[in-house]
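Commentary on secondary and tertiary structure
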Amino acid sequence: MVRIKHRYMLVNILYPSPPAKKPGNTPSNNDDIPFSVHFRQPTPDQLTPQLLLRLIRDGVANLFGDYGSGKVAGSLQNNAPVKYLSPATSTAIIRCSREHYRLVWAALTFVTRLPKPVDQMCVLQVVRVSGTIRKAEEEAIRRARLHIRRAQRAVAIVSGAIGAVGGGDGDMVDAMMGEGEVEEEDGVGMFGGIEDFEEGGGAEEEEEAE
């Protein structure tokens, strides 16, 4: 009996534009929230697994035509491929076949806007590709903790920079340099997907087992 091999992709939904203000809203402290916090804002609840799956199918069809649609059709049936979707953390785990996961990865990379009823500009960033869902879940938890700490530091840095405006430009530059140090310390860049070939989930070990 042949075991079907899969890949699990951990996807972050990022928003390059701040959330739109509703008419009649008065200015609030939200205007002072750092861009890094806006960039990882929660996703509207209208984004469902069915909508995300349709977005992936349409993306594969647009990029690779009938060839791509036929290749991924077997692993993108029903709602099973979307193993996890959290609007609160804008995170999803998508399962697809090992042979064709790069087609799905490419389709996710070229997404620039979530479809209606969300209808919002976004970036879908694949940050981990693993042979087991456990590895993808562990990476999602690790990154969520790091982003929470990063947001807390960014808010503190912005508050300190605003207070340093009256003290001179040097203090402002020091505060801005501090935000860059946070990025390096966290060890989680904004780009650079990771393919995991560990603990029997990798292509090399699976091929040896065959």
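Whatever comes next refers back to the structure up there.
Note that the structure is predicted; figures quoted are calculated from it, not measured.

What counts, and at which threshold
- Residues numbered from 1 in each chain as written.
- Predicted model: local features only at pLDDT ≥ 70, side-chain atom pairs only at ≥ 80, totals over all residues.
- Heavy atoms only, no water.
- Pairing = 2+ DSSP bridges.
- Helix = DSSP H or I, 4+ residues; strand = E, 2+ residues; numbered from the N terminus.
- Axes fitted to C-alpha atoms, helices over the stretch in contact; angles between N-to-C directions.
- Contact = heavy atoms within 4.5 Å.
- 1 Å grid on protein atoms, 1.4 Å probe; cavity = no way out; pocket = protein on both sides within 12 Å on 5 of 7 lines; lining within 4 Å.
- Points joined across faces, edges and corners; volume = space filled by probe spheres on them.
- Core = buried A, V, L, I, M, F, W, Y, C linked by side-chain atoms within 4.5 Å.
- Buried < 20%, exposed > 50% of the residue type's maximum accessible area, 1.4 Å probe, protein only.

**Things to note about the sheet that holds strand β3 (residues 91–97)**
As summarised here, the arrangement of the four strands in space is β2-β3-β1-β6, forming an open sheet in which the pairing is antiparallel. Across the chains shown, the open sheet's two edge strands, defined by having one partner strand only, are β2 (82–86) and β6 (123–130). This sheet shows a mean twist of 25 degrees between the axes of neighbouring strands, independent of strand direction. Its contacts with the sheet place helix α2 (residues 49–73) against β2, β3 and β6, and it is angled at close to 115 degrees to β2.

**Regarding the layout of surface pockets**
Of the volumes computed, that of the largest pocket is approximately 500 Å³. Together, 22 residues line the largest pocket, and Thr 89, Thr 91, Arg 143, Ala 144 and His 147 are the ones closest to its centre. Secondary structure elements with two or more residues in the lining of the largest pocket: β1 (6–14), α1 (35–39), β3 and α4 (133–163). Of all the elements, α4 adds the most residues to the lining of the largest pocket, at nine residues.

**Some remarks on the nonpolar core**
In terms of nonpolar packing, the biggest core is built from 30 residues, with Met 9, Ile 56, Val 104, Leu 108, Leu 114 and Leu 124 touching the most fellow members. Residue assignment for this core shows that the elements contributing at least two residues are β1, α2, β3, α3 (101–109) and β6. Examining the composition of this core, we find that seven residues originate from one element, α2, more than from any other. Once residues within four sequence positions are removed from consideration, Leu 114 is found in contact with Ile 13, Tyr 15, Thr 43, Leu 47, Leu 55, Asp 119, Gln 120 and Cys 122. Residues Tyr 8, Ile 93, Ala 136 and Ala 140 belong to the second largest nonpolar core, which totals six residues.

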